[in-house]
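Descriptive analysis of the structure
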Amino acid sequence: MKFSVFTVSVPDLTPEELAAAAKEAGIHGIEWRFKGIPPEAKHEQPSFWKHNRCSMDPEGGQEDWLRFKRAAEEQQIQSLAVVPYLKCGDIESTRKVMQAAKLLGASFIRAGVPGYDRSTNYNTLFEQGVAYLAQVEELAAEYGVKALVETHQKTIAPSASLAHRLVSRFDSKHIGVLYDPGNMVHEGYENYRMGLELLGPYLAHVHVKNAWLVSEQAADGRTEWRPEWAPLAEGVASWPQVLADLKAVGYEGYFGVEDFSGVLGSKDMLQSFVTLMKEWAR
């Protein structure tokens, strides 16, 4: 098995500290978060999405970005991906991410996907997504870096089947899918094997995290359920089953940890991730 870590989940570590911890844990690749730290957050405690010390600044430029490449290379670890938070249609920002990925020797980036909140018709958003990915496909061919659509809640691609519908008209050499069963606890669950069989050659990467559902009472007395992030072994997503289904479809790619539960410190989380994945894969 090949393991990676998306640095959004290790906000307290510097690039150098993360690379050393990843090496010690038996992790083979790093997915670098591509997002600046808001000025007002720089004096806060490290956090996943704001003061994340293991993030490439899009405004930093090539010399700053090379720090991340060197950190990985010093530990003989692959800079696997550059992972931004792109908006659908923002081609200039997409090109910048492609440039950063090529500089680091990374294999893929995450493409933008239209969000869905009931305010705009899905079919309109789908056409916008397709038009954007047609341009992204050209950039992917130009830079030699694949662009992935992630199965993600509150977008038009929360499930394997909807992600497949979005990417299926494109060349799987350039456009693929990042399969995330943890996100699919929030929205988009389908039988794992069926979804993986549908994705076929578009299945390019897998993120590993988990979530569970917690209940709360609504104002009218009804019980409502909402998802929260959970430890890998305790959430709704059955990772032993996911691994069995991935094996059944011949998946040979990386498994990238993205644990937002906050139960373990960063270094312990990495060690636990590798141990659990090896146990579940037996």
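These lines cover the structure that appears in this document, whether it is placed above or below. (Residues numbered from 1 in each chain as written. Predicted model: local features only at pLDDT ≥ 70, side-chain atom pairs only at ≥ 80, totals over all residues. Heavy atoms only, no water.)

**Structural notes on the side chain of H205**
The following threshold applies: Where helices and strands are cited, they refer to DSSP runs of H or I of at least four residues and of E of at least two residues respectively, numbered from the N terminus. Throughout this description, a polar contact denotes any pair of N or O atoms lying within 3.5 Å of each other; where both atoms belong to protein, one of them has to be capable of donating a hydrogen while the other can accept it, and for residues adjacent in sequence the pair is counted only when both atoms sit in side chains. Any two residues whose heavy atoms approach within 4.5 Å are treated as being in contact.
Checked against the element boundaries, H205 lands in strand β8 (residues 203-208). A distance of 2.9 Å separates polar atoms of two side chains, one belonging to H205 and the other to E31. Those residues in contact with H205 that sit more than four places away from it in its chain are S4, E31, L80, F108, L148, V177, L178, Y179, Y251, Y254 and G256.

**Some details on unusual backbone geometry**
Heads up, the condition is: Using a 1.4 Å probe on the protein chains alone, a residue whose accessible area is under 20% of its type maximum counts as buried, one over 50% counts as exposed, and one in between counts as partly exposed.
At R118, a residue that is not glycine, the phi angle is positive and equals roughly 80°. For R118, the location among the structural elements is in the loop between β5 (108-110) and α4 (122-143). What makes R118 exposed here is its relative accessible area of 76%. Residue K154 is not a glycine yet carries a positive backbone phi of 65°. Position of K154 relative to the elements: it lies in the loop between β6 (146-150) and α5 (160-167). According to the relative accessible area criterion, K154 is exposed, its value standing at 64%.

**Some words on the pairing of β8**
Quick note on the threshold: Two strands make a pair as long as DSSP finds a minimum of two bridges between them.
Counting buried residues along β8, 5 of its 6 residues qualify, which places the element largely inside the surrounding structure. Examined bridge by bridge, β8 and strand β11 (residues 254-257) share 3 bridges and lie parallel to one another. Across the sheet, residue H207 finds its bridge partner in β11, namely G256.

**Overview of the packing of aromatic side chains**
As a reminder of what qualifies: Here is the rule: rings of Phe, Tyr and Trp (six-membered ring for Trp) pair when centre to centre is within 6.5 Å. Planes less than 30 degrees apart are stacked, more than 60 are edge-to-face, and the remainder are tilted. Only when the NZ of Lys or the CZ of Arg is both within 6 Å of the ring centre and within 35 degrees of the ring normal is a charge said to sit over the ring.
Here the structure, examined in full by the defined rule, presents 10 aromatic pairs. With a centroid separation of 5.1 Å and an interplanar angle of 75°, the aromatic rings of W32 and F68 are classed as edge-to-face. Of this pair, W32 sits in strand β2 (residues 29-34) while F68 sits in helix α2 (residues 62-74); the two residues are 36 residues apart in sequence, bridging distant segments of the chain. A single burial state applies to W32 and to F68, both of which are buried. Ring centres of F48 and W49 lie 5.4 Å apart, and the angle between their planes is 70°; on these two criteria the pair is classed as edge-to-face. Given the relative accessible area of 44%, W49 is considered partly exposed. Members of the aromatic cluster, connected to one another through ring pairs, are F48, W49, W229 and F260. The residue whose ring lies beneath R110 is Y85, and the NZ or CZ to ring-centre distance is 4.8 Å. Stacked on the ring of F126, the Lys or Arg R165 has its end atom at 4.0 Å from the ring centre.

**Focus on the environment of I156**
With respect to the secondary-structure elements, I156 resides in the loop between β6 and α5. With 140 residues separating them along the chain, I156 and E16 place their C-alpha atoms 36 Å apart. Beyond its immediate stretch of four places on either side in the chain, I156 contacts V113, P114, G115, Y116, Y122, L125, F126, L162 and L166.

Functional significance is not addressed by these values, which are geometric in nature.
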